[in-house]
Amino acid sequence: MIDLVLNYLDSDKFFSLLQAAMLFIVGFLAASLLARATYKVCLKRFSPHHASLSRRLVYWLVLALFIASGLKQLGFNLGVLLGAAGVLSVAIGFASQTSVSNLISGLFLIGERPFQIGDTIQVGNTTGEILSIDLLSIKLRTFDNLFVRIPNESLIKTEVTNLTRFPIRRLDLKIGVAYKENISQVRQVLLQVAEQNPLSLDEPVPVFQFLSFAESSLDLQFSVWTRKENYRELRTSLLEEIKQAFDQHNIDLPFPQRELSLSQSTLELLTSEKNTKIQG
């Protein structure tokens, strides 16, 4: 038994296996190091999205070269393997048309660049921060800390809203006041609230609009600009401050009201029925 082991260790097969193993190990190390270096270099010139894609491309390309060298060292015919891989790729392509569609859609998204890693987007009823952009899908983290995967094909076919593409956003508040209120006074109170709020921008200036005469209220819209990272905080603080300011200036927030009108004949009928019940 020992002689067989010694003979095997002295054979060419053992040295080929050892060289192949070394190539695999060096390949993993080299791919990781080069991928990290590529990411750091690309991050200085391009967006995090493109830097991440470049890192993955370099990693798998370098790793594939070392794996191919290792297989060749073991005696595998790479020509036969490539031919088999080509046939397998065609078969997989027909069997997974959805994946191919997502891949092509991913290439379009990379070229178009409608969003990047770190942006907050809204797709249908889903809103979240982009964690990664891959060739087949993107990954989101919603505000309630849920992980959502959206195929690239869906992004191409549907409307996508980038909520953080620009540095500032406009907050639109729909407000209703009672019919008895003075609109000029309401405007002045709202503008004063926005001016005193530190999250509200002076430029562009806040916008006040009289929308319509509703059934129970005068409908207004008050629009205030803020930096994108302060949007949700401004919405909460501004609503609270508007309620406090309205209370201080005795401005009423309306509630639905209904007026009931009865004809004279209906009143006489109700009165007669009431008298009948009392007599009975």
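It should be noted that the structure appears before, not after, this text.
Anyway, here's the lowdown on the structure attached to this text.

Thresholds, definitions, all that
Residues numbered from 1 in each chain as written. Predicted model: local features only at pLDDT ≥ 70, side-chain atom pairs only at ≥ 80, totals over all residues. Heavy atoms only, no water. Buried < 20%, exposed > 50% of the residue type's maximum accessible area, 1.4 Å probe, protein only. Helix = DSSP H or I, 4+ residues; strand = E, 2+ residues; numbered from the N terminus. Pairing = 2+ DSSP bridges. Core = buried A, V, L, I, M, F, W, Y, C linked by side-chain atoms within 4.5 Å. Contact = heavy atoms within 4.5 Å. Expected span 1.5 Å × (residues − 1). Arc of directions from axis to C-beta.

### Description of the pairing of strand E8 (residues 218–227)
Turning to step 1, where the next piece is worked out: Within E8, seven of the ten residues are buried, leaving the element largely enclosed by the surrounding structure.
Turning to step 2, where the next piece is worked out: Two strands pair when backbone bridges link them, and strand E6 (residues 168–177) and E8 are joined in this way by ten bridges, in the antiparallel orientation. Directly across from Arg-170, in E8, lies its bridge partner Trp-225.
Turning to step 3, where the next piece is worked out: The sheet contact formed by strand E7 (residues 207–213) and E8 spans six bridges and is antiparallel. Note on E8: the bridge partner recorded for Phe-210 is Leu-220.
Turning to step 4, where the next piece is worked out: The hairpin formed by E7 and E8 contains four residues between the paired strands.

### Thoughts on the nonpolar core
One broad rule of soluble globular proteins: the nonpolar side chains tend to lie buried together.
Turning to step 1, where the next piece is worked out: Ranked by internal contacts, the top residues of the largest apolar core, which has 23 residues, are Ile-175, Val-177, Val-186, Leu-190, Leu-238, Ile-242 and Phe-246.
Turning to step 2, where the next piece is worked out: Every element with two or more residues in this core is listed here: E6, helix H7 (183–196), E8 and helix H8 (231–248).
Turning to step 3, where the next piece is worked out: Among all residues touching Ile-242, those that are not within four sequence positions of it are Leu-173, Ile-175, Leu-190 and Val-193.
Turning to step 4, where the next piece is worked out: One finds Phe-115, Ile-133, Leu-140 and Leu-155 within the second-largest nonpolar core, a separate group that totals ten residues.

### Points about unusual backbone geometry
Turning to step 1, where the next piece is worked out: The omega torsion of the bond from Glu-203 to Pro-204 falls at -5°, within 30 degrees of zero and hence cis.
Turning to step 2, where the next piece is worked out: In this fold, Pro-204 is placed in the loop between H7 and E7.
Turning to step 3, where the next piece is worked out: Located in the positive-phi region is Asn-250, a residue other than glycine, with phi close to 55°.
Turning to step 4, where the next piece is worked out: Looking at where Asn-250 falls in the secondary structure, it is placed in the loop between H8 and helix H9 (264–279).
Turning to step 5, where the next piece is worked out: Under the relative-accessibility criterion, Asn-250 is labelled exposed at 59%.

### Some remarks on H7
Structurally, the α-helix is built with 3.6 residues per turn, so residues lying three or four positions apart point the same way.
Turning to step 1, where the next piece is worked out: In this model, H7 (14 residues) spans 20 Å end to end at C-alpha, consistent with the 20 Å of a helix rising 1.5 Å per residue.
Turning to step 2, where the next piece is worked out: Those residues of H7 that fall on the buried side of the exposure criterion are Ile-183, Val-186, Val-189, Leu-190, Val-193 and Ala-194. For H7, the arc enclosing every buried residue in end-on projection is 135°, short of the 170-degree limit, so these residues lie on one face. Exposed and oriented more than 90 degrees from the buried face of H7 are Glu-195 and Gln-196.
Turning to step 3, where the next piece is worked out: Packed against the buried residues of H7 are E6, E7, E8 and H8.

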